[in-house]
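# Report on the structure
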Amino acid sequence: MEGTSLPSEAVYWPFKKYLGMYKRSIEDPEHFWAEEARKLDWFKTWDTVLEWDPPYARWFVGGKINACYQCVDRHVKTWRRSKVAIYWEGELGDSQVLSYSTLYRWVNKFASVLNNLGVSKGDKVVLYLPMVPELPIFMLACARIGAVHTVVFSGFSAQALADRINDTQARILVTADAGFRRGKYLELKNISDEALNLAPSIEKVVVTRRGNIPVNMKPGRDFWLHELLDDAVSYVPAEPVEATHPLYILYTSGTTGKPKGIVHGTGGYLVFTNSGYKWVFDVKEESVYWCTADVGWVTGHSSVVYGPLCHGAAIVLYEGAPDYPSVDRWWDIVEKYGVTIFYTSPTGIRMLMRYGEDVVKRHDLSSLELLGSVGEAINPEAWHWYYRVIGGERCPIVDTWWQTETGGTMISPTPGIELVPLKPGSATFPLPGVNADIVDESGKPVPAGEKGYLVIKSPWPGMLMGIHGDPQRYKDTYWSKFPGMFYTGDYAIRDKDGYFWLLGRADEVLKIAGHRIGTIEIEDAAVSHEAVVEAAVTSRPDPVKGEGVVIFATLQQGFEPSPELKNKLKQHIRSTLGPVATPDEIYFVSKLPKTRSGKIMRRVLKAVASGASIGDLTTLEDEASVDEVKRAFEELQKKV
Ligand code: ATP
Ligand code: MG
């Protein structure tokens with residue numbers, strides 16, 4: 001196993017099943033992935049498993065497949081036709097249950113609507129919809145006819161929508177009159193009208209009703225979905241597309257800079273998503289699975305739509321906010337549908353932790369069997385709360401590390417193969433077929449216990465096909481730092497047992513007095529203090545140490561900012577991590593700058609701290625958070 005990520009067998013020996021599978025997958029990836037690919041229905045089998053022409057990988061070349069067929073048609077040929085596909089819960093408390101046969105019928109009709117508008121294979125369709133059943137149905141309808149979908153999160157502004165339309169040059173936009181968020185209207189059609197002034201490629205707009213608010217409909221351009229459905233036929237054949245045909249373009253969260261339009265293919269993506277979903281979530285026929293991510297993120301693509309539906313799973317789709325109309329809304333939904341697998345983000349968990357345990361205890365969560373986390377490193381504090389309060393100390397937590405670029409989970413416990421002993425805060429081990437390693441600046445693997453850059457040393461089927469319209473950025477971002485290896489941009493460490501720990505973005509690593517410390521390490525130490533709910537770490541230049549630690553923190557209900565608390569927290573971090581990590585400054589704020597997918601934007605803090613330009617803010621959740629940070633820094637400037 002020379003040159004792979006597998007540590008000594010002594011470490012893994014108790015996990016024989018996982019180890020055996022991992023070894024086979026790395027030693028003979030093509031054979032391994034061909035076996036996995038045979039679990040799907042192909043219209044035509046591939047000629048070549050992998051054509052690797054670095055940095056471009058083409059999987060299952062010559063094969064023909066259809067993503068909608070995998071997710072829907074396959075199931076309606078079996079008893080699953082009467083199985084629940086989607087439990088949809090509206091924010092207002094209204095709900096809908098769709099069986100696989102109902103889903104099949106709608107998907108066909110929506111595909112017919114697209115056909116009638118002139119959409120065909122290879123055309124791009126932008127979906128700017130709230131979390132309503134129409135969203136996954138339109139994704140599947142696009143896939144059915146070989147059209148390429150780009151989902152734009154419904155919380156984005158007109159400018160962010162226009163940017164994505166312009167980048168894809170799509171001709172069709174699908175939106176709604178309005179959606180709901182915390183009881184307020186999200187006026188999607190009005191925002192779309194504004195965006196279309198800036199995005200001239202769109203020729204036709206399909207509008208679905210959700211909010212029932214009056215909107216402007218431009219004759220010849222805008223069409224009501226319910227009217228188009230009158231002319232739709234009930235069956236549209238699923239188009240067999242090449243395995244390398246693009247399935248979707250999806251923009252990254254924009255945590256580290258301007259979002260990238262990630263292109264995913266069909267065959268390789270489906271194989272990777274199908275297998276990974278089973279390994280990570282151990283889904284069973286009777287599972288009720290709820291991933292709280294918005295469909296507008298990659299988690300929503302692979303872990304709300306394509307992964308579970310490939311398996312004929314029953315999914316929950318919730319339209320609204322976690323704390324609306326009351327802070328126990330999520331737990332109410334878990335109880336209502338008997339959710340067995342619950343998958344969310346650390347930011348969601350930390351937000352609900354703030355409200356305490358009593359609101360959770362009002363609900364019967366005994367249906368839960370498995371919990372998951374994604375999006376950021378989960379700090380041990382939040383892990384323990386999630387395990388104890390939500391999981392009742394009986395549900396394993398799968399901490400899944402992956403990116404828009406990877407298409408599916410790369411590092412995570414895999415109870416669907418074998419459950420390894422968990423360590424709170426560690427994503428544990430790479431999935432079979434994922435040749436992950438941690439290397440130093442020169443690209444050499446670092447020994448156990450040493451920090452470095454997380455890389456993937458060989459292609460995997462879910463790997464992105466490129467950045468839309470920007471081959472140079474594709475090469476520069478992922479393939480130029482370490483030739484021949486995919487650079488993830490994340491900083492990590494592997495402990496002596498071979499467990500992977502993600503330490504944050506590589507460009508956010510602090511260099512203090514010659515030590516390299518990941519932002520996550522200091523943040524973990526900060527939130528392990530009882531008063532702190534969330535923390536974001538950045539630095540300011542220091543003439544002696546190189547960099548000095550600056551922390552922004554939000555407080556648990558019942559704690560107030562004070563100089564004493566500041567000192568206590570400084571002491572706490574000092575005693576947890578050692579004197580080198582002692583913060584120079586701590587600021588208590590009411591909210592941290594985050595992306596709309598809930599990730600802390602440390603680059604904003606860094607830019608404010610260093611007086612640099614803040615850069616692309618179109619994915620920022622709340623501008624007030626940046627103002628608060630700016631004010632805090634201005635105070636700091638006055639003092640020094
Ligand atoms: P951009 O690439 O535009 O800066 P982004 O990286 O936040 O945005 P995503 O693809 O949505 O966009 O997020 C992937 C990143 O999220 C990973 O690179 C990693 O930093 C972080 N991440 C996701 N899951 C985990 C996890 N389980 N543990 C630690 N970090 C995670
Ligand atoms: Mg990224």
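Residues numbered from 1 in each chain as written. Chains lettered and ligands numbered in written order. Predicted model: local features only at pLDDT ≥ 70, side-chain atom pairs only at ≥ 80, totals over all residues. Heavy atoms only, no water.

Strand direction decides the pairing type here: strand β24 (residues 486–494) and strand β25 (residues 500–505), joined by four bridges, are antiparallel. Bridge pairing in β25 places A492 opposite L502. The antiparallel pairing of β24 with β25 creates a hairpin that spans five residues between the two strands, and G498 there sits at a positive phi of about 90 degrees. (Pairing = 2+ DSSP bridges. Helix = DSSP H or I, 4+ residues; strand = E, 2+ residues; numbered from the N terminus.)

A separate point is helix α2 (residues 16–27). For α2, with 12 residues, the first-to-last C-alpha span of 16 Å sits near the 16 Å given by 1.5 Å per residue. Listed in full, the buried residues belonging to α2 are Y18, L19, M21, Y22, S25 and I26. (Expected span 1.5 Å × (residues − 1). Buried < 20%, exposed > 50% of the residue type's maximum accessible area, 1.4 Å probe, protein only.)

Spatial ordering of the open sheet is given by β21-β22-β24-β25, a layout of four strands whose pairing is antiparallel. Two strands in the sheet have a free side with no partner beyond their single neighbour: β21 (436–439) and β25. Direction aside, neighbouring strands of the sheet carry axes that sit 45 degrees apart on average. (Axes fitted to C-alpha atoms, helices over the stretch in contact; angles between N-to-C directions.)

Turning to the pattern of salt bridges, a few remarks are in order. Across all of its chains, the model carries 40 salt bridges by this definition. A salt bridge links R182 to D323; the nearest nitrogen and oxygen atoms lie 2.9 Å apart. Taken as a pair, R182 in the loop between β9 (179–181) and β10 (184–186) and D323 in the loop between β17 (314–318) and α12 (329–337) lie far apart in primary sequence, 141 residues in all. Under the relative-accessibility criterion, D323 is labelled buried at 15%. In this structure, the salt-bridge partner of E441 is K481, at a minimum N-O distance of 2.9 Å. (Salt bridge = Lys/Arg side-chain N within 4 Å of Asp/Glu carboxyl O.)

Turning our attention to helix α13 (residues 346–353). Burial runs high along α13: seven of the eight residues are buried. Residues P346, T347, G348, I349, R350, L352 and M353 constitute the buried set of α13. Tucked inside the fold, the buried residues of α13 contact α12, β18 (341–344), β19 (370–374), α15 (380–390) and β28 (532–542). (Contact = heavy atoms within 4.5 Å.)

Let us now look at the environment of T414. Considering the arrangement of structural elements, one finds T414 in the loop between β20 (397–400) and β21. Of the residues examined, T414 reaches a relative accessible area of 2% and is grouped as buried. Between the C-alpha atoms of T414 and L431, which are 17 residues apart in sequence, the distance is 7.3 Å. If sequence neighbours within four positions are ignored, T414 has contacts with Y18, W279, V280, L419 and L431.

Moving on: the nonpolar core. Core analysis: the largest hydrophobic core is formed by 145 residues, its most contacted members being F60, L103, L140 and Y306. By residue number, the principal contributor to this core is helix α6 (residues 134–145), which donates nine residues. The residues contacting L103, other than those within four sequence positions of it, are V72, A85, I86, L98, I137, L140 and L309. I333, Y337, F342 and V389 belong to the second-largest nonpolar core, a separate cluster that totals 31 residues. (Core = buried A, V, L, I, M, F, W, Y, C linked by side-chain atoms within 4.5 Å.)

Two cysteines form a disulfide when their sulfur atoms are joined by a covalent bond. All told, the structure shown has zero disulfides when counted by the stated rule. Not part of a disulfide, C68 finds its nearest cysteine sulfur in C71, a span of 7.2 Å. You can call C68 buried: its relative accessible area is 0%. Just so you know, C142 is unpaired, no disulfide at all, and the nearest cysteine sulfur is the one on C68, 10 Å from it. For C142, a relative accessible area of 0% puts it in the buried group. (Disulfide = S-S within 2.5 Å.)

In terms of domain boundaries, the chain breaks down into domain 1 (64–254 + 263–321) and domain 2 (508–639). In this structure, domain 1 and domain 2 have C-alpha centres spaced 38 Å apart. Opposite the 10 residues of domain 1 that make contact, domain 2 presents eight residues. Surface buried jointly by domain 1 and domain 2 totals about 680 Å² across both partners, of which 55% is contributed by carbon and sulfur atoms. Of all residues in domain 1, the largest losses of buried area upon contact with domain 2 belong to F156, S253 and G254, amounting jointly to 52% of the total for that side. The interface formed by domain 1 and domain 2 includes zero salt bridges. Linking domain 1 with domain 2 are four residue pairs in polar contact (both at pLDDT 80 or more), by the criterion used here. (Domains from an automatic or database assignment. Buried area = accessible area lost by both parts, 1.4 Å probe. Polar contact = N/O pair within 3.5 Å; in protein donor to acceptor, adjacent residues only side chain to side chain.)

A separate point is the sheet that holds β28. Read from one edge of the open sheet, three strands run β28-β29-β30, paired in mixed fashion. At either end of the open sheet lies a strand with only one pairing partner, and these are β28 and β30 (585–588). Direction aside, the axes of adjacent strands within the sheet are offset by 20 degrees on average. Sheet topology places β28 next to strand β29 (residues 546–555); 10 bridges connect them, and they run antiparallel. Each residue of the ladder has a partner; that of A536, found in β29, is F552. The sheet strands contacting helix α18 (residues 563–577) are β28, β29 and β30, and the helix crosses β30 at an angle near 125 degrees.

Before going further, it helps to examine the site of ligand 1. Near ligand 1 lie 20 residues; those nearest to it are T252, G254, T255, T256 and T404. G375 places a polar main-chain atom, nitrogen or oxygen, 3.1 Å from a nitrogen atom of ligand 1. At 2.8 Å from a nitrogen atom of ligand 1 is found a side-chain nitrogen or oxygen belonging to D399. Protein contacts shield 94% of the accessible area of ligand 1, which totals 630 Å² for the unbound molecule. (Near = heavy atom within 4 Å. Areas by Shrake-Rupley, 256 points an atom, 1.4 Å probe, with all protein chains shown as cover.)

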